[in-house]
Structure formats: C-alpha cells, structure tokens
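# Structural overview for review
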Amino acid sequence: MTLDLRYYPDEVLRAVAEPVTAIDDDLRALVPELFAKMYATRGVGLAAPQVGISRRIIVSNQTGDPEQKQFEEVYLNPRIVDQEGAVRGEEGCLSLPGIVGRILRSQKVTVTYLDLEGNEQTVTAEEWKARIFQHEIDHIDGILILDKMSPAELAFYKKEIEELEDPDAAPEDRPVSEHSSAAL
Ligand code: CO
C-alpha cells in the first residue's frame, strides 16, 4: 500500500469523513501505514483524509518519535464531548507545508472513540495533546487551520497558499523544520 500525502486544496481534505463501521483486516492493515506516513513526514498526528481516505480514523504519537511506540494511539470515530478553556498556540499541518498558524483551541478536551478492538473509550487530554485531538478531528470534519487563521496570518502566508493552489506546482512531502512547531 502506498499512501500519498494530500495537500490543500485537495477536495478530500474538505469532505466530512465517513464513520468506521467495521474493524476488519483492511483497517488493521491501514493503521501501520498511517503511522509510517506520519513518521516519514515528521508529524505527530495524522488523519486518514490526509492520505486520501475519507474515514474517521486518526493516529498520533505526541512525541513524533517512531522509537517511542508506547505513545502510539489510534482513534476511530473520535468525538469531542466536553471541552474547556482556551489557548492560542502554533500549529503546522502536513497538508499545508510551510504554513504555521496561531490557532485558538480549547485547553482541555474529553474525547470518546472506538479503539482497534471496537471498545468505546473516553480520554481527557490537555494542552499539546488536546491540540492534536482538535486539529485531527477538524481534519475528519473537512476543516483546516486556514479556516481558523486570522486575516493577517492569511495575508502573511499569501504566497505559500497561492503556491499550493497552483496546479502546476504540486508540493513534495516536506518535513517541517525541527525548529518550527510539529505538524499535524
Ligand atoms: Co493537519
């Protein structure tokens, strides 16, 4: 299976993804591919639509370190059921290379999801991990950081956005610099 990262303005990134209805071999085979793609692009989170699969599947490793498998997490049909606080912080997106927004997010979220065994789980996350959840759940709802950036930020990144929108200038997988915020 070869998964290609999809970039804005790919339509799959704007679709509301379909729920997972069966945890089958195809899904179990897909999960390691999602992690591989996430690590290859130096991400800390990846939503299935970012590789062209319009399903409500998210993987994350908040460390971004493939050696730290204990941080690997898979969330099927994740849904934010409670949230509190508000904090603005830097966010990059693998589907929007070169662009970093200062995005307002809830400080704390409670998420329900199905795990790979089909069990319903609930988790509460704060700060960075809460931000990952909100970014990736936005992806499965067809929402991008562009939608949450200020007019000034959008103006600042006008050139990068126009390059992405140019059909003759398809971006290559570009890891985000170690020194900028990690991408999601
Ligand atoms: Co993203």
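Before reading further, recall that the structure is shown in the block above.
The structure contained in this document is the topic of the report that follows. The model shown is predicted, which means the values in this text are computed figures rather than measured ones. (Residues numbered from 1 in each chain as written. Predicted model: local features only at pLDDT ≥ 70, side-chain atom pairs only at ≥ 80, totals over all residues. Heavy atoms only, no water.)

Further remarks concern the coordination of the cobalt ion. Distances from the cobalt ion to its protein donors, C93 (SG), H135 (NE2), H139 (NE2) and L184 (O), fall within 2.0 to 2.2 Å. In this structure, the cobalt ion is surrounded by four donor atoms whose angles at the metal cover 97 to 134°, and the resulting shape is tetrahedral. Donor residues for the cobalt ion, ordered by position in the chain, follow C-x41-H-x3-H-x44-L. One end of the pair, H135, is in helix α2 (residues 127–140); the other, L184, is in the segment after α4 (158–165), with 49 residues separating them in the sequence. Under the relative-accessibility criterion, H135 is labelled buried at 3%. (Donors = N, O, S within 2.8 Å, 3.2 Å for Na, K, Ca; no water. Tetrahedral: all angles 85-135°; square planar, octahedral: opposite > 155°, others 65-115°. Helix = DSSP H or I, 4+ residues; strand = E, 2+ residues; numbered from the N terminus. Buried < 20%, exposed > 50% of the residue type's maximum accessible area, 1.4 Å probe, protein only.)

L34, L46, I57 and L96 are the most contacted members of the largest nonpolar core, which totals 35 residues. For this core, the secondary structure elements donating two or more residues are α1 (25–40), β2 (57–61), β3 (72–84), β5 (100–105) and α4. Looking at this core, the element that brings in the most residues is α1, giving seven residues. Contacts of I57, omitting those with residues within four sequence positions, involve V20, L27, L30, L34, L46, A47, A48, Y75, L76 and I140. (Core = buried A, V, L, I, M, F, W, Y, C linked by side-chain atoms within 4.5 Å. Contact = heavy atoms within 4.5 Å.)

Turning next to unusual backbone geometry. Cis geometry is found at the peptide bond from Y8 to P9, where omega equals 5°. For P9, the position within the fold is in the segment before α1. Backbone geometry places R42, a non-glycine residue, at a positive phi of 60°. Along the polypeptide, R42 turns up in the loop between α1 and β1 (45–47). In this structure, E127 takes a positive phi of about 50° despite not being glycine. Taking the relative accessible area as the measure of exposure, E127 reaches 45% and is therefore partly exposed.

So, on to the sheet that holds β3. The five strands are arranged β1-β2-β3-β6-β7 in an open sheet whose pairing can be described as antiparallel. In the strand order of this sheet, the two ends are held by β1 and β7 (120–126), each with one partner. With strand direction ignored, the average angle separating the axes of adjacent strands in the sheet is 40°. By the bridge criterion, six bridges tie β3 to strand β6 (residues 108–114) in an arrangement that is antiparallel. Residue pairing across strands places I80 opposite V111, the latter belonging to β6. Most of the contacts of α1 go to β2, to which it runs at about 45°, and overall it touches β1, β2 and β3. Its contacts with the sheet place α2 against β1, β2, β3, β6 and β7, and it is angled at close to 100° to β3. (Pairing = 2+ DSSP bridges. Axes fitted to C-alpha atoms, helices over the stretch in contact; angles between N-to-C directions.)

Bringing the pattern of salt bridges into the picture now. Per the stated rule, a full pass over the model turns up 12 salt bridges. R105 serves as the salt-bridge partner of E91, at 2.8 Å between the closest nitrogen and oxygen. Of this pair, E91 sits in strand β4 (residues 87–92) while R105 is found in strand β5, placing the two residues 14 residues apart along the sequence. For the pair shown, E91 and R105 are each scored as buried. The salt bridge partner of R131 is E91, with a shortest N-O separation of 2.6 Å. Taken together, the residues R131 in helix α2 and E91 in strand β4 connect sequence positions 40 residues apart. Classification of E91 as buried rests on a relative accessible area of 0%. Ionic contacts of the salt-bridge type, sharing partners, join the residues E91, R105, R131, D138 and K148 into one network. (Salt bridge = Lys/Arg side-chain N within 4 Å of Asp/Glu carboxyl O.)

The full count for this structure, using the stated rule, is four aromatic pairs. Both rings, one in F35 and one in Y39, keep their centres 6.2 Å apart while their planes meet at 25°; by these two values the pair is stacked. With F35 and Y39 both in helix α1, this residue pair falls four residues apart, about one helical turn. Each of the two residues, F35 as well as Y39, counts as buried. Summarising the aromatic geometry, the rings of F156 and Y157 are spaced 4.9 Å apart at their centres and angled 90° between planes, so their arrangement reads as edge-to-face. On the accessibility criterion, F156 (63% relative accessible area) is exposed. (Phe/Tyr/Trp six-rings, centres within 6.5 Å; stacked < 30°, edge-to-face > 60°.)

Nothing here speaks to function; it is geometry throughout.
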